[in-house]
Amino acid sequence: MIDFSVAIHSYNREEFIVETVESVLNQTLAPQEVIVVDDGSSDNTEAVLEPYSDRIVYKKIANVGCGTSRKVAVEYCQNKWIACNDDDDIWLPTHLESLSNTIESFPKAEYVFSNHTQFGDRAIANYDHFATAPSGWWESVSQCVDMDKILLTEDAFLDFLTFNPSFPSAWAFTKQAYFKAGGIDDKYSRMNSEDSDFTRRILLAAQGACTSQKTVKLRRHGKNMSDNFVANLKGKALILEDIVAKGIVPDRYLSRTVATINQSKIQAFRHLYWQGDHRESVSYAKESNIKLSIKDRLRMMNARFQKT
């Protein structure tokens, strides 16, 4: 079995963080250390975690945002393998054991993740994230299948352009792969889709694998950063543009990546337009240099008229 460190970052989640921490501590495969980084909370996070002081390492920092506080937690961990969890999500008891089994099935993997479901007042009943993938997606991304465990192909980066099955609360990776990928970028700390930047870069740096077992429950509530669809599309385009600019995207991936960037921008523009945000739709189209179709150019003209 694998020895895991666990990295949890938190901000003003006194109502959820205890349940999250308990789900981590009550694993069938016990973590070797649990790091909780408090991102400058102004609520009672520190007080509610005090009873766990002998089982976790609590570190409070000045507020730096979601991405950077996750980075601090990860880089504080000491073990080879690091698993992440957000402060409002819950691991089922077999989560770490399932990831460990996946790693043992595919020893070359340095980035693994599990499937997840949802709970909370905005959850979709019986949600199965892997099942939401486009038709044929899993057949394309799978190099080897061992029951519920999947070794991803070398070109998984391309498949992740259209669908992302991996969420931070279900991640685990080696410290070596983390630094090889460049770590978590502070630039995106407070931005929607900030976690997808690291996902894409680690897929370029390390072998990936996953399990279709639903071992994580993502809490869906009104404060989820990922709920803003347009912001996620804008974030996706920006992150992919930056990855291309850094020169880390192989030449054979460039055309698909550039096409995905433009498609994400077009989708963001259209949704702004359909929502009636005409001024913002025009502004975004101009600043992002979108290649518009004839229909979209007509939408642009109408938006200009409507915003005046």
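In this report, we go over the structure that sits alongside the text. Remember, predicted model here, so these are calculated numbers, not experimental data. (Residues numbered from 1 in each chain as written. Predicted model: local features only at pLDDT ≥ 70, side-chain atom pairs only at ≥ 80, totals over all residues. Heavy atoms only, no water.)

1. Considering empty space enclosed by the protein
Then, in step 1: Under the criterion given, the structure shown has one cavity of 30 Å³ or more.
Then, in step 2: Taken as a whole, the largest cavity spans an internal volume of roughly 30 Å³.
Then, in step 3: Lining the largest cavity are Arg70, Trp171, Ile184, Glu194, Asp195, Asp197 and Phe198.
Then, in step 4: Broken down by element, the lining of the largest cavity gets its largest block of residues, four residues, from helix 8 (residues 194-205). (1 Å grid on protein atoms, 1.4 Å probe; cavity = no way out; pocket = protein on both sides within 12 Å on 5 of 7 lines; lining within 4 Å. Points joined across faces, edges and corners; volume = space filled by probe spheres on them. Helix = DSSP H or I, 4+ residues; strand = E, 2+ residues; numbered from the N terminus.)

2. Remarks on the pairing of strand 7 (residues 142-146)
Every other side chain in a regular strand lies on the same face of the sheet, so the side chains alternate between the two faces.
Then, in step 1: Pairing between strand 7 and strand 8 (residues 149-152): four bridges, direction antiparallel. Each bridged residue has a counterpart across the sheet, and for cysteine 144 the counterpart in strand 8 is leucine 151.
Then, in step 2: The hairpin turn running from strand 7 into strand 8, its antiparallel successor, is two residues long, and methionine 147 in that turn takes a positive phi close to 55 degrees. (Pairing = 2+ DSSP bridges.)

3. Notes on the packing of helix 10 (residues 251-274) against helix 11 (residues 278-288)
Then, in step 1: Between helix 10 and helix 11, whose axes approach to 8 Å, the crossing angle comes to 160 degrees. One finds that helix 10 runs roughly antiparallel with respect to helix 11. Crossing geometry of helix 10 relative to helix 11 is assigned as left-handed. Seen from helix 10, the contacting residues are Lys265, Ala268, Phe269, Leu272 and Tyr273; seen from helix 11, they are His278, Glu280, Ser281, Tyr284, Ala285 and Ser288. (Axes fitted to C-alpha atoms, helices over the stretch in contact; angles between N-to-C directions. Parallel < 35°, antiparallel > 145°, perpendicular 65-115°, else oblique. Left-handed = near helix turned anticlockwise from the far one by under 90°. Contact = heavy atoms within 4.5 Å.)

4. Things to note about a nonpolar patch on the surface
Then, in step 1: Residues Ile294, Leu298 and Met301 make up a contiguous nonpolar surface patch of about 340 Å² in total accessible area.
Then, in step 2: Here methionine 301 lies in helix 12 (residues 294-307). (Patch = residues over 30% accessible without salt bridge, like charges linked within 9 Å, V, L, I, M, F, W, Y side chains within 5 Å. Areas by Shrake-Rupley, 256 points an atom, 1.4 Å probe, with all protein chains shown as cover. Salt bridge = Lys/Arg side-chain N within 4 Å of Asp/Glu carboxyl O.)

5. Re the packing of aromatic side chains
Then, in step 1: This structure, assessed with the given rule, holds 15 aromatic pairs.
Then, in step 2: When the centroid spacing of 5.5 Å and the interplanar angle of 50 degrees are considered together, the rings of tyrosine 178 and phenylalanine 198 count as tilted. Of this pair, tyrosine 178 sits in helix 7 (residues 175-180) while phenylalanine 198 sits in helix 8, and the two are 20 residues apart along the sequence. Like phenylalanine 198, tyrosine 178 is buried.
Then, in step 3: One aromatic cluster in this structure is built from Tyr111, Phe113, Phe130, Trp137, Trp138, Phe160 and Phe163.
Then, in step 4: If you follow lysine 217 out to its NZ or CZ, it ends over the ring of phenylalanine 119, 5.1 Å from the centre. (Phe/Tyr/Trp six-rings, centres within 6.5 Å; stacked < 30°, edge-to-face > 60°. Buried < 20%, exposed > 50% of the residue type's maximum accessible area, 1.4 Å probe, protein only. Lys NZ or Arg CZ within 6 Å of the ring centre and 35° of its normal.)

6. Digging into the environment of valine 34
Then, in step 1: Following the sequence through the fold, valine 34 ends up in strand 2 (residues 33-39).
Then, in step 2: Among the residues examined, valine 34 registers a relative accessible area of 3% and is labelled buried.
Then, in step 3: C-alpha of valine 34 to C-alpha of threonine 68: the two residues are 34 residues apart in sequence and 18 Å apart in space.
Then, in step 4: Those residues within four positions of valine 34 in sequence are excluded, and the remaining contacts are Val6, Ile8, Val24, Leu25, Arg55, Ile56 and Val57.

7. Thoughts on the nonpolar core
Then, in step 1: Formed by 33 residues in total, the largest nonpolar core has its most connected members in Val74, Trp138, Leu152, Phe160, Phe173, Phe198 and Ile202.
Then, in step 2: The biggest single contributor to this core is helix 8, with four residues.
Then, in step 3: When sequence neighbours within four positions are dropped, the list of residues in contact with valine 74 reads Ala7, Ile82, Cys84, Phe173, Tyr178 and Ile184.
Then, in step 4: Ile17, Leu29, Tyr52 and Leu99 belong to the second-largest nonpolar core, a separate cluster that totals 29 residues. (Core = buried A, V, L, I, M, F, W, Y, C linked by side-chain atoms within 4.5 Å.)

Any link to function would need more than the numbers given here.
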